[in-house]
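# Coordinates in review
Here's the letter readout for the chains.
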Amino acid sequence: MAGRAQIPTKNSALIAMIADEDTVTGFLLAGVGNVDLRRKTNYLIMDSKTTVKAIEDAFKEFTSREDIAVVLISQYIASMIRFLVDSYNKPVPAILEIPSKDHPYDPAHDSVLSRVRYLFSAESVASGRR
């Protein structure tokens, strides 16, 4: 199909994670983790010593890797790099904000949800429906 983003991988696509230790551990136990030949992982565990620069670097790395199809990021961590998350506009990898154990999900701060709301409101105005 023309115009659709394809995931250029040989075998499968990965899910990357930027989250707290408990969230990442749960996903690793479910089989999401990966370490490549260069010892690069597909996750970043956020703790009290993790800098915003490290989060930014991990986000940029994960969104530029061709073997990653989805980046899961805890919403409270996404709020630390909101400018990067909001400015990201490629379909692959998809960015999904998830809740964590200590920080509940707030739909008002979800960039994907706000884009969807905008598209539906613009679409309904253009077609005359409300």
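Residues numbered from 1 in each chain as written. Predicted model: local features only at pLDDT ≥ 70, side-chain atom pairs only at ≥ 80, totals over all residues. Heavy atoms only, no water.

### Here's the deal with the layout of surface pockets
- Quantified by volume, the largest pocket comes out at close to 180 Å³.
- Taken together, Val85, Tyr88, Asn89, Lys90, Pro91, Pro93, Ala94, Ile95, Leu96, Ser111, Val112 and Arg115 make up the lining of the largest pocket.
- Looking at the lining of the largest pocket, the elements with two or more residues in it are strand S4 (94-98) and helix H5 (111-127). (1 Å grid on protein atoms, 1.4 Å probe; cavity = no way out; pocket = protein on both sides within 12 Å on 5 of 7 lines; lining within 4 Å. Points joined across faces, edges and corners; volume = space filled by probe spheres on them. Helix = DSSP H or I, 4+ residues; strand = E, 2+ residues; numbered from the N terminus.)

### Things to note about helix H1 (residues 21-29)
- A distance of 3.2 Å separates the backbone nitrogen of Asp22 from a side-chain oxygen at the start of H1, and that oxygen is part of Asp20.
- The first or second residue beyond H1 is Gly31, which carries a positive phi of 100°. (Polar contact = N/O pair within 3.5 Å; in protein donor to acceptor, adjacent residues only side chain to side chain.)

### Considerations on helix H2 (residues 52-64)
- When the terminal C-alpha atoms of H2 are compared, their 18 Å separation across 13 residues agrees well with the 18 Å that a helix rising 1.5 Å per residue should span.
- Those residues of H2 not exposed but buried are Ile55, Glu56, Ala58, Phe59, Phe62 and Thr63. Angular distribution of buried residues about the axis of H2 spans 165°; they occupy a single face of the element. Across from the buried face of H2, at angles greater than 90 degrees, the exposed residues are Lys53 and Ser64. (Expected span 1.5 Å × (residues − 1). Buried < 20%, exposed > 50% of the residue type's maximum accessible area, 1.4 Å probe, protein only. Arc of directions from axis to C-beta.)

### Section: the packing of aromatic side chains
- Taken as a whole and judged by the stated rule, the model has one aromatic pair.
- Each ring, one from Phe59 and one from Tyr88, has its centre 6.1 Å from the other, and the planes form 80°; the classification is edge-to-face. Of this pair, Phe59 sits in helix H2 while Tyr88 is found in the loop between helix H4 (82-87) and S4, placing the two residues 29 residues apart along the sequence. Here Phe59 matches Tyr88 in class, with each residue buried. (Phe/Tyr/Trp six-rings, centres within 6.5 Å; stacked < 30°, edge-to-face > 60°.)

### Some thoughts on the nonpolar core
- Judged by nonpolar contacts, the single largest core of 19 residues is most densely connected at Ile18, Ile55, Phe59, Phe62, Ile73, Ile81 and Ile95.
- Among the elements of the structure, strand S1 (14-20), strand S2 (43-46), H2, strand S3 (68-74), helix H3 (75-78) and H4 are those that each provide at least two residues to this core.
- For this core, the element with the highest residue contribution is H2, accounting for four residues.
- Counting residues in hydrophobic clusters, the runner-up holds six residues, among them Met17, Val32, Leu72 and Ile98. (Core = buried A, V, L, I, M, F, W, Y, C linked by side-chain atoms within 4.5 Å.)

### Thoughts on the confidence of the model for the chain
- Within the chain, residue pLDDT values average 84, and 85% of them lie at 70 or more.
- Confidence scores differ between elements of the chain, with H5 showing the lowest mean pLDDT of 69 and H2 the highest of 95. (pLDDT = per-residue confidence, 0-100.)

### Section: the pattern of salt bridges
- As enumerated under the stated definition, the model contains seven salt bridges in all.
- Ionic pairing is found between Arg82 and Asp86, a salt bridge with its closest N-O pair at 3.7 Å. A residue pair is termed a helical-turn pair when its members lie 3 or 4 positions apart in one helix, as Arg82 and Asp86 do in helix H4 at four residues.
- Judged by its relative accessible area of 18%, Arg82 is buried.
- Beyond isolated ion pairs, a larger network of salt bridges with shared partners links Glu61, Arg65 and Asp67. (Salt bridge = Lys/Arg side-chain N within 4 Å of Asp/Glu carboxyl O.)

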